[in-house]
Amino acid sequence: MKRILFTIVFTLLLCTTAHAHTLTDDTGHTVTFDRPFTRIISLYGAHTENLFGLGLDEEIVGVSTSEDYPLAATAKPSFNSRDGVEKFLAAEPDLILIRPMHMRAYAGLWKALRKRGVAVVALQPDTVEAMYAYWRALGLLTGRETKAEYMIEDFQDGVRRAEDRLASLPDDDRPGVFFESIHSKYATFSPDSMPLFVLDKAGGRNMAADARPRHGTNIADYGMERVLNHGDRIDVYLAQHGTMNEVSVPDIVNAPAASRIKAVLSRNVFLVDERLVSRPTMRLLQGIDTVFRLLHPTAS
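First, a word on scope: everything that follows refers to the structure included in this document. Here the structure is a predicted model, which is why all the values come from computation and not from measurement.

## A few points about the packing of aromatic side chains
For the structure shown, the criterion picks out 10 aromatic pairs. Note on F88 and W110: the rings are 6.1 Å apart at their centroids and 70° apart in plane angle, and the pair reads as edge-to-face. One end of the pair, F88, is in helix α3 (residues 85-90); the other, W110, is in helix α5 (residues 107-115), with 22 residues separating them in the sequence. Assessed through its relative accessible area of 0%, F88 is described here as buried.

Spelled out as structure tokens, the structure:
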């Protein structure tokens, strides 16, 4: 479901007090601060990746247990939402960055940490436009506003290069694509989601444009029957691959009735790293290039 600048009309407000800032996160919680946070625990890989992108290696004092990028993140102390209050406090953080799902699942933990003076902020954009506001929020929290603007400009430059690459590509050369999000349900993505942004900038046509997202998510249930209704027009079958969708190509091609899908018959079934298409980071540009090569293998 589309959010207007981060679901909550994402707010970056300056208080009337000089140099004080107020930020409202994706759960409606407001934090006020008068100086950048300098001891940060990040419990989401995208937060971590973006913090490193903002040049905050020294300020990161903890990360989630599943970190793998950038390499420097793997050397940081690890935390998860099931750790007790004392473990978090021992790291002396002034800011913990989480996702809204963490807030819903472990509300008591975050409430206890806030009572002890630790700011807890839940952020997770679900569109590219919201991602820009998210980067600006990270910049505001850490005193890296200018760097955040540079990130946005660099990303937009990369998108323009991808668009220029497609300028001479006839519409007829844009393959029809089904982009799978969760194999067990033959689910795809909501129309404004980052994976479908990647697909569009890579020169593909979404064959499930009529999909409607689950409430509050970017996942859109679709089902095998509806996939098969488009089977003769699905030139390429893509599936995000990772913790959200631990699928293999054989899982897809050997599924019941999958032989009625054109892409299966032509062996155009591919997996794409979910971290390159679903995370709000600069690596979405890498995702665009990766998908472009899959869709247009003969393009220069």
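Still to come is the rest of the account.
## Quick look at the nonpolar core
One broad rule of soluble globular proteins: the nonpolar side chains tend to lie buried together. Within the largest apolar cluster, 57 residues are counted, with the highest numbers of intra-cluster contacts made by L97, M131, L141, F155 and V291. Among the elements that line this core, the one with the most residues is helix α6 (residues 128-142), at nine residues. With sequence-adjacent residues up to four places away left out, L141 is seen in contact with L23, F33, P36, F37, L95, L97, V121 and L123. In this structure, M207, A239, I252 and A263 belong to the second largest nonpolar core, which totals 21 residues.

## Thoughts on the sheet that holds strand β9 (residues 176-180)
Strand pairs in the sheet, formed through backbone hydrogen bonds, run parallel or antiparallel to each other. Taken together, the four strands give an open sheet; going across it, the order is β11-β9-β13-β14, and neighbouring strands pair in parallel fashion. Of all the strands in the sheet, the pair left with one neighbour each is β11 (205-206) and β14 (269-273). As judged from the two bridges shared by β9 and β11, these two strands associate in the parallel manner. Bridging across to β11, G176 finds its partner in R205. The sheet strands contacting helix α8 (residues 194-201) are β9, β11 and β13 (236-241), and the helix crosses β9 at an angle near 155°.

How each quantity is defined
- Residues numbered from 1 in each chain as written.
- Predicted model: local features only at pLDDT ≥ 70, side-chain atom pairs only at ≥ 80, totals over all residues.
- Heavy atoms only, no water.
- Phe/Tyr/Trp six-rings, centres within 6.5 Å; stacked < 30°, edge-to-face > 60°.
- Helix = DSSP H or I, 4+ residues; strand = E, 2+ residues; numbered from the N terminus.
- Buried < 20%, exposed > 50% of the residue type's maximum accessible area, 1.4 Å probe, protein only.
- Core = buried A, V, L, I, M, F, W, Y, C linked by side-chain atoms within 4.5 Å.
- Contact = heavy atoms within 4.5 Å.
- Pairing = 2+ DSSP bridges.
- Axes fitted to C-alpha atoms, helices over the stretch in contact; angles between N-to-C directions.

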